[in-house]
Amino acid sequence: MQEYDVIVVGAGNAALSAAISAHENGAKHVLVLEKAPRDMRGGNTHWAGAVLRIAFDEPRELEPLLPGIEEQYESFYEGITPYTRKDYLDDLMRVTSGRTDPTLSRILVDNSKDTVFWMHEVGGVKMEPAITIAGVKKGNMVVWPRGLVVRAVHEGVGLSRTWFAAAAKRGIEVRYASAATELLLDDRGRICGTKVRGPHGLEAIHAKAVVLGCGGFEANVQMRTQHIGPLVGAAKVRGTPFNQGDGLRMAIAIGAMPWGQWSGCHATPISADWGDFAPREYTDRSNRLSYVYGLMINRKGRRFVDEGEDQNLYTYAKFGRAILAETGAKGYQLFDSKVLHLLEPRYSTSKPIVAGSLKELLAELDIDDKEQALRTVEEFNAAPRVGKVFDPTKKDGYATRGLAIDKTNWAVKLDSPPYFAYSVTGGITFTFGGLKINENAQVIGTDWRPLPGLFTCGEMVGGLFYDNYPAGTGLVSGATFGRIAGRNAAKLAQACD
Ligand SMILES: Cc1cc2nc3c(=O)[nH]c(=O)nc-3n(C[C@H](O)[C@H](O)[C@H](O)COP(=O)(O)OP(=O)(O)OC[C@H]3O[C@@H](n4cnc5c(N)ncnc54)[C@H](O)[C@@H]3O)c2cc1C
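Predicted, not measured: the structure shown is a model, and the values here were computed from it. (Residues numbered from 1 in each chain as written. Predicted model: local features only at pLDDT ≥ 70, side-chain atom pairs only at ≥ 80, totals over all residues.)

1. Remarks on the site of the ligand
What counts here: Should the C-beta atom of a residue, placed from the backbone, lie within 6 Å of a molecule or strand, that residue is near it. Helix and strand definitions here come from DSSP, where helices need a minimum of 4 consecutive H or I residues and strands a minimum of 2 consecutive E residues; each element is numbered from the N-terminal end. Basically, the charged four are Asp, Glu, Lys and Arg, the nonpolar ten are Ala, Val, Leu, Ile, Met, Phe, Trp, Tyr, Cys and Pro, and anything else, Gly included, counts as polar.
Residues in close proximity to the ligand total 41 residues, the closest being Gly10, Gly12, Gly43, Gly458 and Gly474. Counting residues per element, the shell around the ligand draws most heavily on helix H2 (residues 43–47), which supplies four residues. Partitioned by chemical class, the residues of the shell around the ligand number 16 nonpolar, 19 polar and six charged.

Below is the structure:
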């Protein structure tokens, strides 16, 4: 009977971090099981924009990740504000209304920079400034949002490809079209392998430790409907169709404790023109996140969120869900021509509706109450403003007063024709519900004790995110806990020798 030191289930960022970390820490025989066939490999990681949120005290701490960057960007480091561990933790606390797990969020934040350096140095992941998603031009300089400067070169596609290359270089075996279906237990109740449904049928594969890194349940309509609700049940899926909650169900079946917000998910405004699953070649380009510079209306012609509540990378993960709660789960984003240059390049993947007047524009939209829509925009334009001037590089406080829902930043009027409308719906990215783990990434059972031999990481970790999520945290969390899981799985395997 062939036995591995460590089996890693999944082949996204978290799982491959775990596999490489296990190997780096002495596990000789590591097996990666990937449910997807080779041409669909890599999970949501392939789809990601691959922006990485990192805590640092001085902007120049990022220099090793971005060699020679000052030749490409004028005064590059002057456009970056320090983002301390406290800032990062405060952001996590703020967007989750104080509910993020204190132990896990501390581990994530404290390790964020070291993890990204490890991805770079050990994984060989090349980095670049996240210019199309995060930076805003001010004169000749780019101003970066706090903590969000760096991404993997070629985004998720590049990140995923690099992880597979790093695994291959270490001789880590990857089996494609091979889904783990069940966790195996020995006589003493220790996890000793998995059942696998592969190209040639079912087999049992044994190992001294198993790391689950096989994603959440975002692609599983039954689990979405059951745990999050019918509205999210009907959402379009932004990433891989293979994350069906298998790992969560397998672990819970042997006594793992569900943890975190099972009724919560990351869902963003995406183009309503896309199909039920985002095409792999367009990765994250369905996103429509420039609503901060315009208005969002529903089918009743009304606004339903404060588009300027915060910078978009702190609100996008909950506004997708807000759209799903509106009639028909659909809306429109409206802009005028003076802000058009501020829209993310991703908007170019769909064609806007364009008209010379607001009335003509709204007449073209698939909404039920066009007269109300016109009143909504006219009332917004007529509302008194407080604050000084529109400034897209920061929360500018340029706000309306007296509307049912005020726009509290970037409240520029829609008064410069032509006008533009982009359709939006909510697309689910990943689910927040997961398993309880300890600081060693060991899975905790419903008896509050670790399940011996079982580790988890990535989207399967419960407790970090509630209701909302600060952009760029998923991949850093995945690599942080993947690295910890791999290291501890390797230690356990060596202890069994
Ligand atoms: C469009 C989009 C854009 C994003 N942009 C960003 C971003 O810019 N920054 C950021 O930090 N995060 C981003 N995210 C989130 C990020 O992609 C995820 O947090 C991260 O990829 C999760 O990593 P993971 O390894 O846990 O899961 P995944 O990468 O989804 O990997 C799960 C793996 O498990 C496999 N699998 C599933 N079931 C089984 C089974 N039974 N047996 C074997 N294998 C199985 C899957 O095929 C896959 O390989 C984005 C996500 C999407 C969809």
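The rest of the description comes next.
2. Comments concerning the packing of helix H1 (residues 13–24) against helix H5 (residues 155–169)
Our working rule: Axis geometry follows a simple rule: fit a line to the C-alpha atoms, using only the stretch in contact for helices, then measure angles between N-to-C directions, giving values from 0 to 180 degrees. Small angles under 35 degrees read as roughly parallel and large ones over 145 as roughly antiparallel, with 65 to 115 read as roughly perpendicular and the rest as oblique. Take the far helix as your reference; a near helix turned counterclockwise from it by less than a right angle gives a left-handed crossing, and one turned clockwise gives a right-handed crossing. A pair of residues counts as a contact when their C-beta atoms, built from backbone coordinates, are separated by no more than 7 Å.
Contact geometry for H1 and H5: axes closest at 10 Å, N-to-C directions at 25°. Of the possible angle classes, the one that applies to H1 and H5 is roughly parallel. In terms of crossing hand, the pair formed by H1 and H5 is left-handed. Residue-level inspection shows Asn13, Leu16, Ala19 and Ile20 of H1 in contact with H5, the latter providing Leu159, Trp163, Phe164, Ala166 and Ala167. Considered class by class, the residues forming the contact of H1 with H5 number eight nonpolar, one polar and no charged.

3. Here we look at the sheet that holds strand S7 (residues 148–152)
Under the convention used in this document: Two strands qualify as a pair provided DSSP detects at least 2 bridges between them.
In space, the three strands of this open sheet follow the order S3-S7-S4, with antiparallel pairing throughout. Two strands lie at the open edges of the sheet, namely strand S3 (51–53) and strand S4 (127–129), each paired on one side alone. Within this sheet the neighbouring strands show an average axis-to-axis angle of 45°, counted without direction. Inspection of the sheet shows S4 paired to S7 by three bridges, in the antiparallel sense. Considered in S7, the bridge of Met127 is made with Ala152.

4. A closer look at the packing of H1 against helix H12 (residues 474–496)
Interaxial distance between H1 and H12 falls to 7 Å at its minimum, and their mutual angle equals 35°. In the crossing of H1 with H12, the sense of the turn from one axis to the other is right-handed. In contact with Asn13, Ala14, Ala15, Ser17, Ala18, Ala19, Ile20, Ser21 and Ala22 of H1, H12 contributes Leu475, Gly478, Ala479, Phe481, Gly482, Arg483, Ala485, Gly486, Arg487, Ala489 and Ala490. Residue composition of the contact of H1 with H12, by class: twelve nonpolar, six polar and two charged.

5. Some thoughts on H12
Counted only if it meets this: A helix is expected to span 1.5 Å multiplied by its residue count minus one. Every C-beta atom is placed from the backbone, and the number of other C-beta atoms within 10 Å of a residue's own sets its class: buried at 20 or more, exposed at 12 or fewer, partly exposed in between.
The terminal C-alpha atoms of H12 lie 32 Å apart, and with 23 residues this matches the ideal 33 Å at 1.5 Å per residue to within 8%. H12 sits mainly inside the fold: 19 of its 23 residues count as buried.

6. So, the domain arrangement of the chain
Quick note on the threshold: Annotation comment: domain bounds sourced from an automatic or database domain assignment.
Domain annotation for the chain reports domain 1 (3–263 + 432–496) and domain 2 (266–427). The straight-line distance from the C-alpha centre of domain 1 to that of domain 2 is 31 Å. At the interface, 30 residues of domain 1 touch 28 residues of domain 2. Contributing elements (two or more residues each) for the side of domain 1 that touches domain 2: H2, strand S5 (136–138), H5, helix H7 (230–233) and strand S12 (236–237). The biggest single contributor to the side of domain 1 that touches domain 2 is H5, with three residues. Its residues assigned to classes, the side of domain 1 that touches domain 2 comprises 19 nonpolar, six polar and five charged.

7. Examining unusual backbone geometry
Here the amide bond leading from Pro417 into Pro418 is cis, since omega sits at -5°, within 30 degrees of zero. Tracing the backbone shows Pro418 in the loop between strand S19 (399–400) and strand S20 (419–431). If you check the backbone angles, His154 has positive phi at about 60° while not being a glycine. One can find His154 in the loop between S7 and H5. Classification of His154 as partly exposed rests on a count of 15 C-beta atoms within 10 Å. Look at Asp467: it is not a glycine, yet its phi comes out positive at around 65°.

8. Topic: the pairing of strand S1 (residues 3–9)
The line we're drawing: Think of it like this: strands point away, you trace from the first strand over the helix to the second, and a clockwise trace means the crossover is right-handed.
Across the seven residues of S1, six count as buried, placing the element largely inside the fold. Taken together, the six bridges between S1 and strand S11 (residues 201–212) define a ladder with parallel strand orientation. Residue pairing for S11: Glu3 is matched across the bridge by His206. For the handedness criterion, the β-α-β arrangement of S1, H1 and strand S2 (residues 30–33) is classed as right-handed.

9. Quick look at the nonpolar core
Nonpolar side chains tend to gather and get buried jointly when the protein is soluble and globular. Inclusion rule: In plain words, the nonpolar core is the set of buried Ala, Val, Leu, Ile, Met, Phe, Trp, Tyr and Cys residues that C-beta atoms within 7 Å link up.
Counting residues in hydrophobic clusters, the biggest one holds 152 residues, and the most contacted among them are Val6, Ala19, Val32, Val211 and Ala489. The dominant element in this core, judged by the number of residues it contributes, is H12, at ten residues. When residues of this core are assigned to domains, at least three fall in each of domain 1 (3–263 + 432–496) and domain 2 (266–427). When near neighbours in sequence (up to four residues on either side) are disregarded, Val6 contacts Ala22, Ala27, Val30, Ala207, Lys208, Ala209, Val211, Ala489, Ala490 and Ala493.

10. Remarks on the environment of Leu104
The topology assignment puts Leu104 in helix H4 (residues 102–121). In the structure, Leu104 is positioned 359 residues away from Gly463 in sequence and 7.7 Å away in space, judged by C-alpha atoms.

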